[in-house]
Amino acid sequence: RTSDATNFRQALTAIHSGAINTFTDSLSVNGVLRVKPPPIADVELELPRETRVTLAQLRSGYCSRLNSYLSRIDPDIPNTCPACNESPHDTNHLFACPTNPTHLTPFSLWSDPVETARFLGLPLDDLDDNESGIYHPNGD
């Protein structure tokens, strides 16, 4: 029975991955990059799920840790960076904020997710609770 459950899980994962790949291959332009995105580096699979979810949200620009996103939901939240007060506080700004310089770029979300997660202060393993990242709009 364990092998049946394992086989089922593997089949479900293959179906899900295939559907995601088909969908992403059909996309022509990413809203953050403004070009067709590169493949996501396989090393991302070594990161905790919570971190992978946040990276995926940042790739889309729809992340609750960005004031550009939050201000669309709640007009009382200003679309400015909490660190430098520049606008907009979006994914691209995270890599260009003068208060936290980096060699990374938005493309790094795809090409170097581990280093990007480290830069953003995201957990790098399941034991890492370091969420003191630069992109927290309200210090959360």
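For the structure itself, consult the block above.
Residues numbered from 1 in each chain as written. Predicted model: local features only at pLDDT ≥ 70, side-chain atom pairs only at ≥ 80, totals over all residues. Heavy atoms only, no water.

1. Observations concerning the overall build of the protein
Part 1 of the reasoning: When helices and strands are tallied, the protein shows 6 helices and 0 strands.
Part 2 of the reasoning: From first element to last, N terminus to C terminus, the protein shows the α and β order α-α-α-α-α-α.
Part 3 of the reasoning: With respect to the principal axes defined by its C-alpha atoms, the protein has extents near 55 × 35 × 30 Å.
Part 4 of the reasoning: In the protein, which comprises 140 residues, the share counted as buried stands at 31%.
Part 5 of the reasoning: Summarising the internal contacts of the protein: among those between residues at least 6 apart in sequence, 47% fall at separations of at least 24.
Part 6 of the reasoning: For the protein, the distance from the average position of its 10 positive side-chain charges to the average position of its 18 negative side-chain charges is 8 Å. (Helix = DSSP H or I, 4+ residues; strand = E, 2+ residues; numbered from the N terminus. Buried < 20%, exposed > 50% of the residue type's maximum accessible area, 1.4 Å probe, protein only. Contact = heavy atoms within 4.5 Å. Lys, Arg positive; Asp, Glu negative; His and termini not counted. Charge placed at Lys NZ, Arg CZ, Asp CG, Glu CD.)

2. Comments concerning the pattern of salt bridges
Part 1 of the reasoning: Under the defined criterion, the tally for this structure stands at 2 salt bridges.
Part 2 of the reasoning: Arg-59 is the partner of Glu-44 in a salt bridge, and the nearest nitrogen-oxygen pair spans 2.2 Å. In this pair, Glu-44 sits in the loop between helix H1 (2-26) and helix H2 (49-60) while Arg-59 sits in helix H2, placing the two residues 15 residues apart along the sequence.
Part 3 of the reasoning: Judged by its relative accessible area of 9%, Glu-44 falls in the buried class. (Salt bridge = Lys/Arg side-chain N within 4 Å of Asp/Glu carboxyl O.)

3. Focus: the packing of H2 against helix H6 (residues 113-120)
Part 1 of the reasoning: With their axes 11 Å apart at the nearest point, H2 and H6 run at an angle of 90° to one another. Viewed along their axes, H2 and H6 adopt a mutual orientation that is roughly perpendicular. Residue-level inspection shows Thr-51, Leu-55, Leu-58 and Arg-59 of H2 in contact with H6, the latter providing Pro-113, Thr-116, Ala-117 and Leu-120. (Axes fitted to C-alpha atoms, helices over the stretch in contact; angles between N-to-C directions. Parallel < 35°, antiparallel > 145°, perpendicular 65-115°, else oblique.)

Honestly, it's all geometry; don't read function into it.
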